[in-house]
Amino acid sequence: MRSAVIVGAGLIGRSVGLALRRHGVTTYLVDADPEAALAGEECGAGFAAHPPQQADIAVIAVPPALVAPVLAEHQRLGTARCYTDVSGVKVRLHQEARAHGCDLTSLVSGAPVVGGGAGRSQARADLFDGRPWALTPTESTGNLALNSALELVALCGAVSVLLDPETHDRAVALVSHAPHLVSSLVAARLLGGDESAVRLAGQDLRDVTRTADGNPERWAEILTANAGPVADQLDDWAAEAQAMARELRDVARSGDAARPVRLRETLRFGVAGRARIRELDAPRP
């Protein structure tokens, strides 16, 4: 890979540019806001200009609702030989890309997983190091596009995870989208609590509600774009929560602390589920 175009010079776009430039890739920054592209150039993420000739790959790093029309426009212009994006929902994106007449043979939709929180406000060359990066090729995807996307991910220091679009959206509903909404539900309950109750909030509550700090409009767009899989997760959680509530009310009436069998089982499953995450974080031999 010798050249890349980053369309959208926000945090992710600039970080992709910085990561690629570590390996000598010539990067160009294109943004509807020229000041954003110039700011990216100043931080070293690339040249604030359209490439003088067709680039090897274009990374569409714009808000999800704009990906399909922006992709269609750059394919019409012949900006790059291959294209990818960084949006978090894939089924709708592929539907919209088809509706806009995009060439799907040159597209491999992608989604880096970088998380939020402290240290994510500034673009960094190492933002993706060691992180998973989903790629969702379809039956229409050409070999050149897939190989280019795999190379892009490797140059950014991330680990490719290949999924079909439907599997990707179910996965992120499980591990990201529905948990974010539940975090918001827990945090919203605090609005009805007395100040004395909120003062008792410990680190556990801070951990559970951390992701509720996300931008509400951005998250509303993500959740509605992946509405079906998120709703499925919430239905399952609601059923489990109702079952545990019934057990706890039985205890409240009977005083028999040995009765909530399902509650204990859920707590044990929670420990086992958390262990799966710790296994992923453990150093590899």
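Structural data are supplied above this passage.
Residues numbered from 1 in each chain as written. Predicted model: local features only at pLDDT ≥ 70, side-chain atom pairs only at ≥ 80, totals over all residues. Heavy atoms only, no water.

A.B. asks: Would you mind going over the nonpolar core with me for this structure?
C.D. replies: Looking at soluble globular proteins, one finds that nonpolar side chains tend to be buried together. Counting residues in each nonpolar core, the largest one holds 31 residues, and the members touching the most others are I12, V16, L20, F128, W133, L152 and C156. Among the elements that make up this core, the one with the highest residue count is helix α5 (residues 143–155) (6 residues). Counting residues in each nonpolar core, the second largest holds 18 residues, with V5, A58, I60 and A80 among its members. (Core = buried A, V, L, I, M, F, W, Y, C linked by side-chain atoms within 4.5 Å. Buried < 20%, exposed > 50% of the residue type's maximum accessible area, 1.4 Å probe, protein only. Helix = DSSP H or I, 4+ residues; strand = E, 2+ residues; numbered from the N terminus.)

A.B. asks: Just checking my understanding: could you explain the sheet that holds strand β4 (residues 80–85) for this structure?
C.D. replies: In a beta sheet, neighbouring strands pair by backbone hydrogen bonds and run either parallel or antiparallel. Taken in spatial order, the 4 strands make up an open sheet running β2-β1-β3-β4, and their pairing is parallel. Both outer strands of the open sheet, β2 (26–30) and β4, are each paired with one neighbouring strand and no more. Averaged over all neighbouring strand pairs, the angle between strand axes comes to 20 degrees, with direction disregarded. Direction of pairing for strand β1 (residues 3–7) relative to strand β3 (residues 55–60): parallel, over a ladder of 4 bridges. Counterpart to I6 in the pairing with β3 is V59. Across the sheet, helix α3 (residues 64–77) is in contact with β1, β2, β3 and β4; its angle to β4 comes to roughly 175 degrees. (Pairing = 2+ DSSP bridges. Axes fitted to C-alpha atoms, helices over the stretch in contact; angles between N-to-C directions. Contact = heavy atoms within 4.5 Å.)

A.B. asks: For this particular structure, what's the right way to read helix α10 (residues 227–254)?
C.D. replies: In a regular helix each residue adds 1.5 Å, so 28 residues correspond to 40 Å; α10 covers 40 Å between its end C-alpha atoms and thus fits that length. Those residues of α10 that fall on the buried side of the exposure criterion are V230, Q233, A243, M244, E247 and V251. For α10, the elements touching its buried residues are α6 (165–189), α9 (216–225) and α11 (261–281). Two residues or fewer past α10, G255 is found with a positive phi of approximately 75 degrees. (Expected span 1.5 Å × (residues − 1).)

A.B. asks: Teacher, can you tell me more about the packing of α3 against helix α4 (residues 91–99) here?
C.D. replies: Two numbers describe a pair of packed helices, the interaxial angle and the distance between the axes. Here α3 crosses α4 at 30 degrees, and the two axes come no closer than 9 Å. Relative to α4, the crossing made by α3 is right-handed. Taken together, the residues of α4 that come into contact with α3 (itself represented by P64, V67, A68 and L71) are L93, E96 and A97. A breakdown of the residues in the contact of α3 with α4 according to their chemical character gives 6 nonpolar, no polar and 1 charged. (Left-handed = near helix turned anticlockwise from the far one by under 90°. Nonpolar A, V, L, I, M, F, W, Y, C, P; charged D, E, K, R; others polar.)

A.B. asks: Explain the environment of M244 to me, please; I cannot follow it from the model alone.
C.D. replies: Locating M244 in the fold gives a position in helix α10. Given a relative accessible area of 19%, M244 falls into the buried group. Between the alpha carbons of M244 and R262 there is a distance of 6.7 Å; along the sequence they are 18 residues apart. For M244, the contacting residues outside a window of four places in its chain are L263 and T266.

A.B. asks: I keep staring at the environment of V159 and nothing clicks. Help me out?
C.D. replies: Tracing the chain through its elements places V159 in strand β7 (residues 159–162). Sequence separation of V159 and P112 is 47 residues, and the distance between their C-alpha atoms is 9.1 Å. Setting aside its immediate chain neighbours within four residues, V159 contacts G130, R131, P132, W133 and V153.

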